[in-house]
Structures are given as C-alpha cells and as structure tokens.
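Residue-level structural notes
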Amino acid sequence: MNNQQISKIFNNMADLLDLKGENVFRVRAYRRAAESMGSLAKEVSLLAPDELGAIPGIGKDLAGKILEFIQTGEIAHYEALKREIPEGVLELLEIQGLGPKTAMRLFKEKNVKSIDELEALIQSGQLAGMPKIQKKTEENILKGLERRRRGTERRPLGQVLPAAEAIVRRIKENGAVDRILLAGSLRRRKDDVKDADILTTSRDPQRVMEVFVGMPQVERVLSRGLTKSSVILQDGLEVDLRVVEKDSFGAALQYFTGSKAHNIKLREMAVRAGLKINEYGIFTIAEEKRLGGREEEEIYAVLGLPFIPPELREDRGEIEAALDNRLPNLVKLEDIKGDLHVHSNWSDGSHDLISLVRGAEEKGYRYIAVTDHTKGLGVAHGLDEKRLREQIKAIDGANKKLRDLLILRGAEVDIRADGSLDLTDDILARLDIVIASVHSGFKQSESQMTGRILSAIRHPYVSIIGHPTGRIIGEREPYPVDMEAVLKEAAHYGVAMEINAYPFRLDLNDHFIKMAKDLGVPLAVNTDAHVISHFDFMSYGISNARRGWLEARDLLNTLETVPLRRKLKACTDRKKNGT
DNA sequence: GCCGTTTTCGGCCCGACTGTTTTCAGTCG
C-alpha cells in the first residue's frame with residue numbers, strides 16, 4: 001500500500017517543516033496532501049503521472065515527490081529533513097499540550113531527542129525555569145506524558161456512543177439546557193473516535209458547566225470556561241462541551257460536526273461568494289450582515305446547497321455532489337428487512353432458533369439467516385456435515401410454524417489457508433445462503449490472502465464474504481489483501497460483501513464500502529449476532545453504510561424475501577454456468 | 001505548496017482557552 005506510506009511521509013514532513021518554523025500554509029499543504037493520499041480509492045502507483053496532479057491538494061511539486069517515492073522507495077527531501085531533525089523529536093508532538101514551538105526549543109536548547117530524554121530532563125529539574133516554561137507548563141507536560149502512557153488510541157464508535165449519550169442525558173436532566181446534541185466525529189458516526197463533542201444552548205451556562213465538570217465519571221478537568229469546557233473521564237476519554245447562543249446553534253452544530261476538511265471547503269466556497277462562516281453564523285463580509293445560523297440547514301442553503309447528512313461530511317466529493325444535486329438518498333435503519341448473519345446455540349451463539357425468531361420479529365424483520373460456524377472453527381463448536389443436516393431439518397420444521405418470518409438455512413464457512421472451504425459442496429448446495437469468512441492464517445502475504453478470498457468468491461455456493469478485512473478496531477489490523485481485486489471479482493460474480501455491524505469490526509469500512517458501490521458490488525449489513533441484544537448493532541452497520549454513500553438499493557437485505565432468494569440463487573447459477 | 005467565473009500572484013478557515021506576560025504566543029479543534 002504505497003498510498004498509506006506516502007500519506008505517513010507527508011504527515012511527517014508536515015511535522016518536520018512545522019518544527020522548523022516553515023510557512024504554515026506550506027505545512028498545511030503537506031497535511032492536506034497526506035489526507036488526500038490516505039483516502040484515495042486507487043492505488044497511487046497505478047495512476048498515470050498526469051492523473052497525480054488531479055488529486056486534490058497535489059500539485060506539481062508533490063506529484064514529483066510521489067513519483068520519486070514510487071520509483072526509488074524514498075523521498076530525498078524527507079531524508080534531508082530527518083537528518084536535520086531526529087525522528088524522536090516528532091514523538092514529542094504526540095504529547096498533548098506540547099506543540100512544535102516547544103518541541104523545537106527542547107531539541108535546540110536542551111538536546112531533547114525523544115520522550116525518554118524529556119522525562120529525564122524533567123526528573124533533573126531542568127525543564128521548569130526555561131524562559132516561558134514555568135511550573136504550570138511543566139505540570140501540563142507531565143499530564144500529557146501520563147495521558148500518552150495510558151493510551152489515547154481511537155476507540156470504536158460502539159464503545160463511545162453509548163457513553164456520550166449517557167452524558168447527554170445527565171446534562172439534560174440536571175443542566176437547564178434547551179437544545180443538546182452530539183457533534184464531531186460521533187455525529188458523523190465515524191467508526192472510530194478520539195473524543196466526544198457535545199453542543200448545547202442554555203440560559204444558565206454556568207450551571208451547565210458545573211453539572212458537566214462535576215459528573216462522577218470525570219477524572220480531570222482540562223479547561224473550564226463559560227462557552228467551552230473539556231474533561232477527561234476515568235476511562236481516558238476526552239469530552240468537550242460547548243454552550244452556544246440559540247441563534248447560533250445551527251452554525252455551531254455545523255462547525256463542530258466537521259469534518260475539518262469538509263468545513264474548510266465550505267468556508268472557501270463562502271469566501272469566494274463574499275460570505276464568511278464561523279460558529280456563530282453565516283455573514284456577508286462587506287456589511288457583516290447575518291444571513292443565518294439558528295438552524296444547520298441555513299448554512300448550507302445560503303451557499304446554495306441542500307442539507308448534507310453528517311455521515312457524508314468528509315470532503316470525499318459530497319460538496320460537489322450536493323452542488324450537482326446528486327447526493328445519495330442514504331439507506332435508513334427502517335429499510336432493513338432482515339439480518340443475514342446470525343449465530344445460534346448450535347455453534348457459539350447463546351439462543352435457540354425460536355428465541356432468535358422472537359428477537360427478529362421484534363425488529364419487524366421478514367427473515368433471518370442462521371449462519372452458524374462450521375467445523376473448521378473448532379473453538380466455536382463449528383458444525384460438521386452431519387450436525388448441519390440436523391440443523392437444516394430443525395429450521396425447516398420451525399419455518400412450517402412461522403407465518404410472517406422466514407429462517408434462511410445458512411452457514412458461515414471457513415475459508416481455509418489454501419482457499420478451499422471447510423464443508424463439502426453437497427451440503428452447501430442445500431443451504432439458502434453461504435457466508436465465507438477468514439478466521440485463521442492472518443499472517444499470509446497479500447497475494448496469498450487475496451488469492452484465498454478470490455477462490456471463495458468463485459466457489460459456486462458462496463453468496464457473501466464475511467467481515468472481508470478481518471480488522472478488530474483498536475486490536476487487530478486488517479489482514480493484507482488487494483481489496484480492489486477482490487471487489488472486481490465480487491462484482492463479476494454478484495457475490496456480496498458484508499458490512500459486519502459488530503461495533504469492534506465495522507468491516508468493510510466506509511472507504512471500501514464506497515469503492516464496492518462504485519464497482520457495482522452488492523453489499524449486506526449483518527450484525528453477526530451471538531446474542532439477541534446484538535440485533536441492536538444493526539444501527540452501527542447502517543451508519544457505516546451511510547458513510548459509504550449507500551442507498552437502500554445497494555443492499556441485499558433491504559429486499560423482500562422473494563427477490564432476495566431470487567438474487568441469491570442467481571448468483572449461484574451464474575457461477576455454476578461458468579459465466 | 002496549492003490554486004484560480006474576481007487572481008498565474010497573493011491569498012490561504014476561524015476562534016477559544018491557557019499560561020506567561022502587560023498585549024500575546026502557543027496549542028487545539
């Protein structure tokens with residue numbers, strides 16, 4: 001993945017140039033280019049040289065550096081910068097509250113080249129007393145060091161969202177607030193988040209802030225003002241609360257929802273139109289006349305744009321799409337007609353078939369697919385051919401008694417290291433739906449892994465690839481796989497890619513979802529439920545699907561039962577006929 | 001360093017809070 005490497009290098013170069021005190025706009029250009037490279041759908045080495053310049057934020061100079069990296073494996077300018085400033089100095093920037101100016105002074109004046117050396121300097125008492133660094137600053141740096149030690153890694157949405165919603169409820173109950181909403185990456189439903197942003201209006205900001213910083217789960221107050229306060233919770237999560245005027249709520253919501261890249265683009269548009277956007281509203285520059293700000297829609301409307309759903313606000317083409325009036329009509333939770341990946345107590349799930357049916361009925365589903373693990377996954381009591389035959393019989397029996405809901409006969413088979421499946425074709429032929437997933441051999445090379453998944457896609461009975469990249473947020477990196485090749489093959493055979501809604505997975509991620517959609521690959525949002533309460537995870541999968549620009553028609557499980565079964569069968573027929 | 005239905009040069013999003021200073025730089029989002 002050259003893209004990620006180049007993105008990392010550009011980010012490092014931005015930091016190094018920042019440390020050197022270079023022009024801030026030059027630094028920003030590198031950061032923007034890094035962002036652009038990181039979210040590029042296509043592998044950059046496959047682009048023609050003149051296509052490089054078309055990437056937003058990449059001009060003549062940076063295109064040259066990208067080419068240089070592809071051809072030689074390094075960038076001379078970057079190597080030179082690293083000789084000038086040791087890489088350990090970059091590490092100092094990871095400390096919250098310590099920025100480029102201080103880091104550079106530490107390096108130049110005290111020869112600090114790493115976090116360890118900074119800690120030694122503090123130990124020796126030589127930090128406080130440097131000009132502009134008094135006791136308070138030292139304390140803040142110590143706190144930043146401690147916070148870094150405890151880890152501030154990004155957390156799964158499914159962990160932070162419930163915690164943040166609980167805080168919102170608490171403030172609502174005690175804080176004399178008027179309107180209150182989550183903002184930031186939580187509102188955009190990003191799959192992993194760094195902190196929680198909450199926005200409110202209130203006639204008594206003092207009181208709201210008191211309630212906020214006084215919550216029992218607050219470990220430390222980072223800052224406290226009348227319009228903004230920040231705290232750190234016992235579990236290390238940072239939460240920011242802002243109180244704004246009623247008339248500014250929409251503008252503030254728009255501003256604090258981000259993303260940064262989306263907002264910068266909007267503001268640039270505004271400036272070109274003689275307007276100014278800040279968190280208080282949208283104004284004409286000439287007369288400072290206020291044109292809106294109470295509602296978020298007003299900001300977009302004044303710019304001549306329809307409302308853009310928060311999940312799309314990543315500067316991945318949504319503003320251009322809005323201008324052309326071709327924003328997607330995003331899929332909603334209510335569009336979902338069933339769950340195609342559910343485990344029962346026949347393998348490692350907790351409930352029997354009837355309980356699962358009850359749970360699904362409560363969601364108003366038309367069908368669920370019971371897709372237990374198979375024998376390759378011994379730890380999960382995977383089913384062998386004999387037990388799967390028994391389960392099929394049990395499902396057929398249960399279906400006879402059901403009127404409004406159908407249980408689809410399924411399995412989540414293992415894609416073995418050589419690409420074969422762990423059950424024989426004659427039993428798979430009796431199923432309505434087969435999910436094929438990788439559960440082992442994560443250390444394979446990219447070409448091996450890709451080949452393995454391609455074989456599964458070509459298998460006549462496979463209709464869905466489960467959690468296609470295998471990542472566990474904050475725990476396990478995705479295994480290396482050429483996703484573009486996988487998606488093209490899936491599009492060719494009509495095999496669906498799963499959007500696994502399990503909060504720690506969210507796999508495919510938003511990025512690959514969009515790529516899949518653009519290539520015409522069908523998708524399915526599944527919860528991978530092992531307990532009935534996991535059915536609730538569907539909303540996380542839907543958020544992810546929305547971030548991938550999906551409409552209801554892009555998903556298998558928005559179909560009614562009959563067309564769904566027809567589509568699954570068509571996929572198998574196509575492969576059997578070798579087309 | 002990028003970029004252009006105002007521009008190929010001169011702009012580049014905008015403001016809050018903190019700490020160390022007496023008017024502001026640094027950091028963050």
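Residues numbered from 1 in each chain as written. Chains lettered and ligands numbered in written order. Predicted model: local features only at pLDDT ≥ 70, side-chain atom pairs only at ≥ 80, totals over all residues. Heavy atoms only, no water.

Concerning the overall build of chain A
The line we're drawing: Every helix listed is a DSSP run of H or I at least four residues long, and every strand listed is a run of E at least two residues long, numbered separately from the N terminus. For a compact globule the rule gives 2.2 Å times the number of residues to the power 0.38, and the radius of gyration it is set against comes from C-alpha atoms. Accessibility here uses a 1.4 Å probe with only protein chains present; expressed as a share of the type maximum, an area under 20% marks a residue as buried, one over 50% as exposed, and anything in between as partly exposed. Residues are treated as being in contact if the distance between any of their heavy atoms lies within 4.5 Å. Note on areas: these come from Shrake-Rupley sampling with a 1.4 Å probe, and a residue is covered only by the protein chains present in the view.
For chain A, the count of helices and strands is 24 helices and 17 strands. A compact globule built from 579 residues would reach a C-alpha radius of gyration of about 25 Å, and chain A, at 26 Å, matches this within 12%. Once the C-alpha set of chain A is aligned to its principal axes, its extents read approximately 80 × 60 × 50 Å. The 579 residues of chain A split such that 53% are buried. Nonlocal contacts in chain A, meaning residues at least 24 apart in sequence, comprise 67% of its contacts between residues at least 6 apart. Accessible area for chain A stands at about 26200 Å²; split by element, carbon and sulfur atoms hold 49% of it.

Remarks on the domain arrangement of chain A
It is common to give the size of an interface as the accessible area lost on bringing the parts into contact. The test is simple: As used throughout, domain bounds are those supplied by an automatic or database domain assignment. By definition, the buried area sums, over both parts, the 1.4 Å-probe accessible area that each loses when the two are put together. Take a side-chain nitrogen of Lys or Arg and a carboxyl oxygen of Asp or Glu: if they are within 4 Å of each other, that pair is a salt bridge. Only Asp, Glu, Lys and Arg are considered charged in this grouping, and only Ala, Val, Leu, Ile, Met, Phe, Trp, Tyr, Cys and Pro are considered nonpolar; every other residue, Gly among them, is considered polar.
Looking at the assigned domains, one finds that chain A contains domain 1 (2–151), domain 2 (156–243), domain 3 (259–323) and domain 4 (338–368 + 412–576). The C-alpha-based centres of domain 3 and domain 4 are spaced at 38 Å. Residue-level contacts link eight residues of domain 3 with six residues of domain 4. A combined buried area of about 670 Å² lies between domain 3 and domain 4, and 47% of that area is made up of carbon and sulfur atoms. Of all residues in domain 3, Glu311, Leu312 and Arg316 give up the largest surface area on contact with domain 4, accounting jointly for 79% of the area buried on that side. Linking domain 3 with domain 4 are three salt bridges, by the criterion used here. A salt bridge links Glu311 to Arg546; the shortest N-O distance between them is 2.7 Å. In terms of residue class, the side of domain 3 that touches domain 4 is built from three nonpolar, one polar and four charged.

Digging into the environment of Leu388
Of note, Leu388 is situated in helix H18 (residues 385–401). Linking Leu388 and Phe537, residues 149 residues apart in sequence, is a C-alpha distance of 26 Å.

Describing the sheet that holds strand E7 (residues 238–244)
Hydrogen bonds along the backbone pair up the strands of a sheet, which may run parallel or antiparallel. Condition: Each pair of strands is called paired provided DSSP finds at least two bridges between the two strands. Angular values range over 0 to 180 degrees, each being the angle between N-to-C directions of two axes fitted as lines to C-alpha atoms, with helices fitted over their stretch in contact.
Spatial strand order, E2-E4-E7-E6-E5: five strands in an open sheet with mixed pairing. Looking at the sheet topology across the chains shown, the edges are occupied by strand E2 (177–183) and strand E5 (218–224). For this sheet, the mean angle separating the axes of adjacent strands, direction not counted, is 20°. One ladder, built from five bridges, connects strand E6 (residues 228–233) with E7; its direction is antiparallel.

Examining the side chain of Arg187
Here is the rule: Polar contact is defined as a pair of N or O atoms within 3.5 Å, subject to the rule that within protein one atom must be able to donate a hydrogen and the other to accept it, and that residues adjacent in sequence are counted only when both atoms are side-chain atoms.
Along the chain, the position of Arg187 falls in helix H11 (residues 184–187). Separated by 2.8 Å, the side chains of Arg187 and Glu296 make a polar contact.

Things to note about the protein's contact with DNA strand B
Defined as follows: A single heavy atom is enough: if one lies within 4 Å of a molecule or strand, its residue is considered near that molecule or strand.
Not every one of the 42 residues close to DNA strand B is listed here, only the nearest: Arg28, Gly97, Thr102, Tyr255 and Tyr280. Across the atoms of DNA strand B situated within 4 Å of the protein, the share located in sugar and phosphate is 79%. A distance of 2.9 Å separates a phosphate oxygen of DNA strand B from a polar atom in the backbone of Gly57. Between DNA strand B and Gly97 there is a distance of 2.6 Å, counted from a phosphate oxygen to a backbone nitrogen or oxygen. Taken together, the elements giving at least two residues each to the surface near DNA strand B come down to helix H2 (24–38), helix H4 (60–72), helix H7 (100–110), helix H9 (135–150), E5, helix H14 (260–272) and strand E8 (275–278). Looking at side-chain class alone, the surface near DNA strand B contains 13 nonpolar, 14 polar and 15 charged residues.

Observations concerning the pattern of salt bridges
Inspection of every chain in the model, using the stated rule, returns 39 salt bridges. When the shortest N-O distance is used, the salt bridge between Arg105 and Glu109 registers 3.2 Å. Here Glu109 and Arg105 lie together in helix H7, a separation of four residues that amounts to about one turn. Linking Glu296 and Arg313 is a salt bridge whose minimum nitrogen-to-oxygen distance equals 2.8 Å. Here Arg313 lies in the loop between helix H15 (296–302) and helix H16 (318–323) and Glu296 lies in helix H15, a separation of 17 residues in the sequence. Of the two residues, Glu296 and Arg313, both sit in the buried class. Each of Arg188, Glu314, Arg316, Asp510 and Arg547 takes part in salt bridges that share partners, so that together they form one network.

Details of the packing of aromatic side chains
Operational definition: Side-chain rings of Phe, Tyr and Trp (the six-membered ring for Trp) are treated as a pair once their centres are within 6.5 Å; stacked means planes under 30 degrees apart, edge-to-face means over 60, and tilted covers the remaining angles.
For the structure shown, the criterion picks out six aromatic pairs. Seen from their ring centres, Phe10 and Tyr30 are 6.0 Å apart, and the 85° between their planes marks the pair as edge-to-face. With Phe10 in helix H1 (residues 2–19) and Tyr30 in helix H2, the pair connects residues that are 20 residues apart, well separated along the chain. In this structure Tyr30 comes out as buried when scored by relative accessible area, which is 4%. With centroids separated by 5.9 Å and ring planes inclined at 10°, the aromatic side chains of Phe442 and Tyr479 adopt a geometry described as stacked. Of this pair, Phe442 sits in the loop between strand E14 (433–437) and helix H20 (446–458) while Tyr479 sits in the loop between strand E15 (464–465) and helix H21 (483–493), placing them 37 residues apart in sequence. Residue Phe442 is classed as partly exposed on the basis of its relative accessible area, which comes to 27%. Given the relative accessible area of 5%, Tyr479 is considered buried. Of the aromatic side chains, those joined through ring pairs into one cluster are Tyr502, Phe537 and Tyr540.

What about the nonpolar core?
For clarity, the threshold we go by: Residues belong to a common nonpolar core when they are buried Ala, Val, Leu, Ile, Met, Phe, Trp, Tyr or Cys residues joined through side-chain atoms within 4.5 Å.
By size, the foremost hydrophobic cluster in this structure holds 95 residues, and its most contacted members are Ile457 and Met497. Formed jointly, this core draws a minimum of three residues from each of two domains, domain 2 (156–243) and domain 4 (338–368 + 412–576). For Ile457, the contacting residues outside a window of four places in its chain are Ile465, Val486, Glu489, Ala490, Tyr493, Val495, Met497 and Lys575.

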